[in-house]
Amino acid sequence: MTDQEAREMQKILDEKIEETKQEIEQLKELTKPVKPDNAYGRLSRMDAINNKTINDKALREQKSRLQKLERAQKKLDEGKYGICVKCGDDIPLGRLKFMPWTARCVKCAQKS
Ligand SMILES: [Zn+2]
C-alpha cells in the first residue's frame, strides 16, 4: 500500500468509525427497555419487543464492527493494514474501500 493509499484509507476509516458510533448511539436509544405500562396497546407492545430484538442484534453487530474498525486504524498506524491475517496476501484496495473493517482477503473470507 502506498502512502497515498494509506492516507486515503485513513480518511475512510475515520469516516466509518464516526458513522458507526452515530449508528450505535441511535440503536442504544432504540434498545432501551420496553416499558411494561400502558404506553403501548397489547399488539404494539409485541411490536416494540420484536423491534427491540432486531435492534439489539444490529447494536451488537455495529459494536463489533466498531472494534474491527478501530483495530484496522491501529494497523494502519503500524503499517500493517491491508494484509490478510490468514494468508499474508495484500487485500485489494477496492475491497478495503468497500469493507474497511475487513482483515481477510476474499479467498480466506470465503473459507471461514
Ligand atoms: Zn487471505
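Computed from a predicted model, the values in this text were never measured in an experiment.

Student: Outline the nonpolar core, listing residues and values.
Tutor: In terms of nonpolar packing, the biggest core is built from 18 residues, with Met9, Leu13 and Tyr81 touching the most fellow members. The biggest single contributor to this core is helix H1 (residues 3–30), with 6 residues.

Student: Which residues make up the pattern of salt bridges, and what values do they have?
Tutor: Side chains bearing opposite charge may pair, as long as their charged atoms lie close to each other. All chains considered together, the criterion is met by 10 salt bridges. In this structure, lysine 52 and aspartate 56 form a salt bridge, with 3.3 Å as the shortest nitrogen-oxygen distance. In this pair, lysine 52 and aspartate 56 are both assigned in helix H2 (residues 42–78), 4 residues apart and thus about one turn of the helix distant. Across the pair glutamate 61 and lysine 57 runs a salt bridge whose closest N-O atoms are separated by 3.2 Å. Taken together, the residues span about one helical turn, with glutamate 61 and lysine 57 both in helix H2 at a distance of 4 residues. Looking at glutamate 61, the relative accessible area reads 46%, which means it is partly exposed.

Student: Could you give an account of the coordination of the zinc ion, with specific residues and numbers?
Tutor: The protein atoms donating to the zinc ion are Cys84 (SG), Cys87 (SG), Cys105 (SG) and Cys108 (SG), with metal-donor distances spanning 2.3 Å. Taken together, the 4 donor atoms surrounding the zinc ion define angles of 103 to 116° at the centre, an arrangement classified as tetrahedral. In the primary structure, the donors to the zinc ion are separated according to the pattern C-x2-C-x17-C-x2-C. Of this pair, cysteine 84 sits in the loop between H2 and helix H3 (93–98) while cysteine 108 sits in helix H4 (residues 106–111); the two residues are 24 residues apart in sequence, bridging distant segments of the chain.

Student: Just give me the short version of the side chain of threonine 31, but keep the residues and values in it.
Tutor: One can find threonine 31 in the loop between H1 and H2. Among the polar contacts listed, one links the side chain of threonine 31 to the backbone oxygen of leucine 27, at a separation of 2.8 Å.

Student: Provide a residue-level description of the packing of aromatic side chains, including the pertinent values.
Tutor: Under the definition given, this model contains 0 aromatic pairs. The cationic tip of arginine 65 hangs over the ring face of tryptophan 101; the distance from NZ or CZ to the ring centre is 3.9 Å.

Student: Can you tell me about the environment of glutamate 23, naming the residues and giving the values?
Tutor: With respect to the helices, strands and loops of the structure, glutamate 23 is situated in helix H1. Distance from glutamate 23 to glutamine 62, taken between C-alpha atoms, is 7.4 Å for residues 39 residues apart in sequence.

Here is what the cut-offs are and how they apply
In every chain, residue numbers begin from 1 and rise along the written sequence. Reporting in this predicted model follows two pLDDT cut-offs: at least 70 for local features of residues, and 80 or more for side-chain atom pairs to be given and counted; totals over whole chains, interfaces and linings ignore these cut-offs and use all residues. Derived side-chain values reflect all non-hydrogen atoms in the structure, with water molecules and hydrogen atoms excluded from consideration. By nonpolar core is meant a set of buried Ala, Val, Leu, Ile, Met, Phe, Trp, Tyr and Cys residues that side-chain atoms within 4.5 Å join together. Burial here depends on accessible area, computed with a 1.4 Å probe over protein chains only, as a share of the maximum for the residue type. Under 20% is buried, over 50% is exposed, and the range in between is partly exposed. Under the DSSP-based scheme used, a helix requires at least four consecutive residues in state H or I and a strand at least two consecutive residues in state E, with every element numbered from the N terminus. Definition used for salt bridges: Asp or Glu carboxyl oxygen within 4 Å of a side-chain nitrogen of Lys or Arg. Any N, O or S atom lying within 2.8 Å of the metal counts as a donor, and for Na, K and Ca the limit rises to 3.2 Å; water is left out, so some sites can look incomplete. Any site counts as irregular unless it has four donors with all angles between 85 and 135 degrees, making it tetrahedral, or four or six donors with opposite ones more than 155 degrees apart and the rest between 65 and 115, making it square planar or octahedral. By the criterion applied in these results, polar contacts are pairs of N or O atoms within 3.5 Å in which, for protein atoms, one can donate a hydrogen and the other can accept it, and in which residues neighboring in sequence qualify only through two side-chain atoms. Two aromatic rings from Phe, Tyr or Trp, using only the six-membered ring of Trp, form a pair when their centres are within 6.5 Å; if the ring planes differ by under 30 degrees the pair is stacked, by over 60 it is edge-to-face, and anything between is tilted. Two limits define a charge over a ring: the Lys NZ or Arg CZ must be within 6 Å of the ring centre, and within 35 degrees of the ring normal.

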